[in-house]
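Observations on the model geometry
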Amino acid sequence: EDKPEKKVNDCLTTKEQIVDLVKKAYKGMGYDLDKLEKEGKLTLDLYPRKNKNTHGFCFGIDQEADARILANLTNDAHSLETLNHELGHCVYTLGTVKTLQYFDREQYPAMTEAVAMMMQDLQKRENVLNDIVDSKTLEEYRKDFIKDEILFITRALTIINFEKEMYKNPDQDLKQLWHDMKVK
């Protein structure tokens, strides 16, 4: 309850504010989302309605020409993260030009996901929230994000190392191996 994200959520008052913040951030990077929508290159289905799928998706239909987002935004930091993430997929799709050589324009899932994951953290890394969240709260929010990133990386490295050690000797006691690795 006392995490900085709760204080950030208190500053996010409407679903529409989430969209405005994201559009402003992307425009600052050279992506005019309103223009892309008017041109029919970007379709946004962002708000909840009855019987709508509750997850967020990006559908990259046609490189350079057609990307679509389905989401169910509310007025919180998670929705800001979701929209930034899904738009990361979109700009990757729309930015992959058809004039590239065939093999260079392939959209590999790992690449599009990497871009989306980078974009989902905009509000934690950049000045997206400066106009609505006080600087002390933003600093706490960013520090909490860094702490979470360090935990994520540490856990990922532990799992990678565990798997590496496991394959060295598949017959070993895996519970003991896991315990030994956690102790290190």
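See the structure printed just above.
Just so it is clear, the model here is predicted, and its values are computed rather than measured.

**Describing helix H2 (residues 15-28)**
Between its first and last C-alpha atoms H2 spans 20 Å; for 14 residues at 1.5 Å apiece the expected length is 20 Å, and the two agree. Listed as buried for H2 are Gln 17, Ile 18, Val 19, Leu 21, Val 22, Lys 23, Ala 25 and Tyr 26. Where the residues of H2 are buried, they touch helix H1 (4-11), helix H3 (33-38), strand E1 (42-45), helix H4 (77-95), helix H5 (109-120) and helix H6 (122-125).

**Structural notes on unusual backbone geometry**
For Asn 51, which is not glycine, the phi torsion reads 65 degrees and is therefore positive. Non-glycine residue Glu 64 carries a positive phi angle of around 70 degrees. Its place among the elements puts Glu 64 in the loop between strand E2 (57-62) and strand E3 (66-70). Here Glu 64 falls in the partly exposed class, since its relative accessible area comes to 32%.

**Side note on a nonpolar patch on the surface**
Taken together, the side chains of Phe 152, Ile 153, Leu 157 and Ile 160 make up a nonpolar region of the molecular surface, amounting to roughly 410 Å² of accessible area. Among the secondary structure elements, Phe 152 is positioned in helix H7 (residues 135-168). A relative accessible area of 53% places Phe 152 in the exposed class.

**A few points about the pairing of E3**
Every other side chain in a regular strand lies on the same face of the sheet, so the side chains alternate between the two faces. E3 sits mainly inside the fold: 4 of its 5 residues count as buried. Two elements, E1 and E3, share 4 bridges in a ladder whose sense is parallel. Residue Leu 42 lies in a different strand from E3, and its bridge partner there is Ala 67. Note that E2 and E3 share 5 bridges and pair antiparallel. Bridge pairing in E3 places Gly 60 opposite Ala 67.

Each value, and the rule that gives it
For every chain, the first residue of its written sequence is number 1, and the numbers climb from 1 along that sequence. Local features in a predicted model are, by the rule used here, given only for residues with pLDDT of at least 70; side-chain atom pairs are given and counted only at 80 or more, and totals for whole chains, interfaces and linings are based on all residues. Excluded from the side-chain calculations are hydrogens and water; all other atoms, namely the structure's heavy atoms, are used. Secondary structure elements follow DSSP: runs of H or I of four or more residues count as helices, runs of E of two or more count as strands, with numbering from the N terminus. Here the expected span of a helix is defined as 1.5 Å times the quantity of residues minus one. Burial classes follow relative accessibility: with a 1.4 Å probe on protein chains only, a residue under 20% of its type's maximum area counts as buried, one over 50% as exposed, and anything between as partly exposed. The contact rule is simple, with two residues in contact once any of their heavy atoms fall within 4.5 Å. Each patch is built from salt-bridge-free residues with over 30% relative accessible area, joining like charges within 9 Å and nonpolar side chains (Val, Leu, Ile, Met, Phe, Trp, Tyr) within 5 Å. For the area figures, the Shrake-Rupley method with a 1.4 Å probe applies, and any residue is considered shielded solely by the protein chains shown. Within this document, salt bridges are pairs made up of a side-chain nitrogen of Lys or Arg and a carboxyl oxygen of Asp or Glu, the two lying within 4 Å of each other. The pairing criterion is simple: DSSP has to find at least two bridges between the two strands.

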